[in-house]
Amino acid sequence: MRTDVARLRCGKTIPLLGMGTYCPKKDRESTISAVHQAIKIGYRHFDTAKIYGSEEALGNALGQAISYGTVQREDLFVTSKLWSSDHHDPISALRQTLKTMGLEYLDSYLVHWPIKLKPGVSEPIPKEEEFEKDLGIEETWQAMERCLEMGLCKSIGVSNFSSKKIYDLLDFASVSPSVNQVEMHPLWRQSKLREVCEENKIHVSGYSPLGAPGNCWGSTAVIEHPVIKSIALKHNATPAQVALRWGMSKGASVIVKSFDGARMRENKRVLEIKLDDQDLSRIDQLEEWKLMRGDFLVNQTTSPYKSIAQLWDNEI
C-alpha cells in the first residue's frame, strides 16, 4: 500500500507532497524553471490559483515536460482555484484557467474563499465597494458541480471553509467536496476541522505547512520552534521535514512552496522520516495561532463577515 498518496472520494489519488506556486512577484521564468526542477526531483502534485498569477507559467512548464516525455499528464495532479470575483460564472472561469494553462482538465478545482466579489475584481485584497453582500454559495456550488459533469475537472472542492461552512455546504450539495484546502501546520493543527472532514470523506490539504516563512503574512515560528527543532535533531532531520511529516501523519497532503532545488529535494525526502507517538504528543501540546486570518475579507459595511470570528465561525 502506497504511503505517499491519499485516495479522494471521487476515486482519484492525490500525492501527499504538493508544490505550491504562489509567487508574490509573479516571476514567470523562475516559476517555469522551478517546476521543471520539481518534476525531475519527483514532484507530481502542483497547486496554483487564478489570483496567484502563476497558472500560465505552471501550465507552460507542465506542457513542456509532457511534450518532452518527462512525465505523462495522467501522472500529474493539478489544482487551481475559483477566484471570488468569478463566483457568478465558475464554468467560464475554469474554461479560462484551462486555456491559460494549456490543459484539457484539472484534477481538482476549488472554491478559493467563501466570499463573493463583484465581477472583474482581480486584486487579492478587495476594496470595500467590491464585495457582494449575498454569498450565493449554493449557486456557486451548483456551477462547480456542472464543471465536474462537463469533464472540465476530475474533482471539486473548497478552500478556507470552516467546519460549519462544510456542514452548510453538505446540506445542499449534490456532489460533496473532495478536498478542503486550509492553513495547517504544527502551530495550527485544525483538529476539529480534520475530524469533520474525515467523517464526511473530505480530504484535507494543508497550505503553509511550514508557516509560510517567505511570505509577508507568514512566520518562521514553526521551523524555529524549540520543540520542532528538538524532534528534528532526534530524527537527524530538518525542522521543515518534521513539520511536513507531521501534516502527512494526519492524512493531509501538504502544499509547500520552494523554488530552491536543494530545499525541494530535502522536502521530497520527508517520507523517509517516521515520527513516533511521543513526537506527535509533544506537537499536540504546542500553543496554537493562525497566520492567514483573512482580515482583508472583513469590514463593517459591505462584507457579509463583520468580524474574523464570523468569517471562521468562531473556529479561530
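Residues numbered from 1 in each chain as written. Predicted model: local features only at pLDDT ≥ 70, side-chain atom pairs only at ≥ 80, totals over all residues. Heavy atoms only, no water.

Per an unreviewed UniProt entry, the chain goes by NADPH-dependent aldo-keto reductase, chloroplastic and derives from Raphanus sativus.

Draft legend 1. Spotlight on the pairing of strand β3 (residues 17–20). Residue alternation in β3 divides its side chains into two sets, L17 and M19 and G18 and G20, and both sets are buried. In this structure, β3 lies alongside strand β10 (residues 253–256), joined through three bridges in parallel fashion. Within β10, the residue paired with L17 across the bridge is V254. (Buried < 20%, exposed > 50% of the residue type's maximum accessible area, 1.4 Å probe, protein only. Helix = DSSP H or I, 4+ residues; strand = E, 2+ residues; numbered from the N terminus. Pairing = 2+ DSSP bridges.)

Draft legend 2. Structural detail: the layout of surface pockets. Here the largest pocket defines a volume of roughly 1200 Å³. Surrounding the largest pocket, 48 residues form its lining, Y22, S208, A212, N215 and W217 being those nearest its centre. Taken together, the elements giving at least two residues each to the lining of the largest pocket come down to α8 (239–249), β10 and α9 (261–268). Sort the elements by how many residues they give to the lining of the largest pocket and α9 lands first, with three residues. The calculated volume of the second largest pocket comes to roughly 290 Å³. Every residue lining the second largest pocket is counted, 17 residues in all, and those nearest its centre are R2, V5, P15, R44 and D75. Here the lining of the second largest pocket is composed, by residue class, of eight nonpolar, two polar and seven charged. (1 Å grid on protein atoms, 1.4 Å probe; cavity = no way out; pocket = protein on both sides within 12 Å on 5 of 7 lines; lining within 4 Å. Points joined across faces, edges and corners; volume = space filled by probe spheres on them. Nonpolar A, V, L, I, M, F, W, Y, C, P; charged D, E, K, R; others polar.)

Draft legend 3. Main features of helix α10 (residues 277–284). Listing the buried residues of α10 in full gives D279, L280 and I283. End-on, the buried residues of α10 take up no more than an arc of 95°, which puts them together on one face. What points out from α10, more than 90 degrees from its buried face, is the exposed set D277 and Q278. The elements touched by buried residues of α10 are α7 (226–234) and α8. A distance of 3.1 Å separates the backbone nitrogen of Q278 from a side-chain oxygen at the start of α10, and that oxygen is part of D276. (Arc of directions from axis to C-beta. Contact = heavy atoms within 4.5 Å. Polar contact = N/O pair within 3.5 Å; in protein donor to acceptor, adjacent residues only side chain to side chain.)

Draft legend 4. Examining unusual backbone geometry more closely. With a phi close to 55°, K201 is a non-glycine residue in the positive phi region. With respect to the helices and strands, K201 occurs in the loop between α6 (191–199) and β9 (203–207). With a relative accessible area of 60%, K201 lands in the exposed category. In this structure, D313 takes a positive phi of about 55° despite not being glycine. Turning to its location among the elements, D313 is positioned in the segment after α11 (308–311).

Draft legend 5. The arrangement of the UniProt feature "active site" (unreviewed entry) in the chain in detail. Under the local residue numbering, the UniProt record ascribes the feature "active site" (unreviewed entry) to Y52. Mapped onto the elements of the fold, Y52 is located in the loop between β4 (45–47) and α2 (55–68). (UniProt positions renumbered as here; feature names shortened; annotations may be inferred.)

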